[in-house]
Amino acid sequence: MNFRTFAIRDHIRKSLLLASLSLLPWSLTSAQVEPAISSEEQQLVDWVQAQEAEMIGLLERITNINTGSLNKAGVDELAALFASELRELGFSTSSL
């Protein structure tokens, strides 16, 4: 076998290997790749998914408040919103 034949065969082998590796992710299901989660973890996932609309709503409210350096009213409004949310979670808050 001459060098050219060897190089062609080597190239074909590498190409086939790369092609087969590129198909690998498509042939596996998530159950084969991801470990099973516990029932407690699933409850947490379910709770977070159930809160999605509320979390997005809060994020929208936060990002729509003008908190520029010269807008004290906006900064105060944001601080009040965070204080309210934290109090609902059982935290105590104070302002300087």
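Just so it is clear, the model here is predicted, and its values are computed rather than measured.

Draft legend 1. Structural detail: the overall build of the protein. On a plain count of helices and strands, the protein comes out with 5 helices and 0 strands. When the elements of the protein are put in sequence order from the N terminus, they spell out α-α-α-α-α. As presented, the protein carries roughly 8700 Å² of accessible surface, and 62% of it is formed by carbon and sulfur atoms.

Draft legend 2. Local environment of a nonpolar patch on the surface. On the surface, a cluster of nonpolar side chains totalling about 410 Å² of accessible area is made up of Leu44, Trp47, Val48 and Met55. Tallying contributions element by element places helix α3 (residues 39–50) first for the nonpolar patch, with 3 residues.

Draft legend 3. Broad picture of the confidence of the model for the protein. Of the residues in the protein, 73% have a pLDDT of 70 or more, and the chain-wide mean is 82. Within the protein, helix α2 (residues 30–33) has the poorest average pLDDT of any element, 60, and helix α5 (residues 72–88) the best, 94.

Draft legend 4. The packing of helix α4 (residues 52–63) against α5, seen in detail. Contact geometry of α4 with α5 gives a least axis separation of 10 Å together with a crossing angle of 155 degrees. Of the possible angle classes, the one that applies to α4 and α5 is roughly antiparallel. Once α4 is placed against α5, the crossing between them reads as left-handed. Contacts between α4 and α5 involve Leu58, Arg61 and Ile62 from the first element and Leu78, Leu81, Phe82 and Glu85 from the second. In terms of residue class, the contact of α4 with α5 is made up of 5 nonpolar, no polar and 2 charged.

Draft legend 5. Expanded view of α5. Over its 17 residues, α5 extends 24 Å from the first C-alpha to the last, a length consistent with the 24 Å expected when each residue adds 1.5 Å. Looking only at α5, the buried set comprises Gly74, Leu78, Leu81 and Ala83. Tucked into the core, α5 has its buried residues touching α4. Positioned one or two residues after α5, Gly90 has a phi angle of 100 degrees, which is positive.

Rules of the game
Residues numbered from 1 in each chain as written. Predicted model: local features only at pLDDT ≥ 70, side-chain atom pairs only at ≥ 80, totals over all residues. Heavy atoms only, no water. Helix = DSSP H or I, 4+ residues; strand = E, 2+ residues; numbered from the N terminus. Areas by Shrake-Rupley, 256 points an atom, 1.4 Å probe, with all protein chains shown as cover. Patch = residues over 30% accessible without salt bridge, like charges linked within 9 Å, V, L, I, M, F, W, Y side chains within 5 Å. Salt bridge = Lys/Arg side-chain N within 4 Å of Asp/Glu carboxyl O. pLDDT = per-residue confidence, 0-100. Axes fitted to C-alpha atoms, helices over the stretch in contact; angles between N-to-C directions. Parallel < 35°, antiparallel > 145°, perpendicular 65-115°, else oblique. Left-handed = near helix turned anticlockwise from the far one by under 90°. Contact = heavy atoms within 4.5 Å. Nonpolar A, V, L, I, M, F, W, Y, C, P; charged D, E, K, R; others polar. Expected span 1.5 Å × (residues − 1). Buried < 20%, exposed > 50% of the residue type's maximum accessible area, 1.4 Å probe, protein only.

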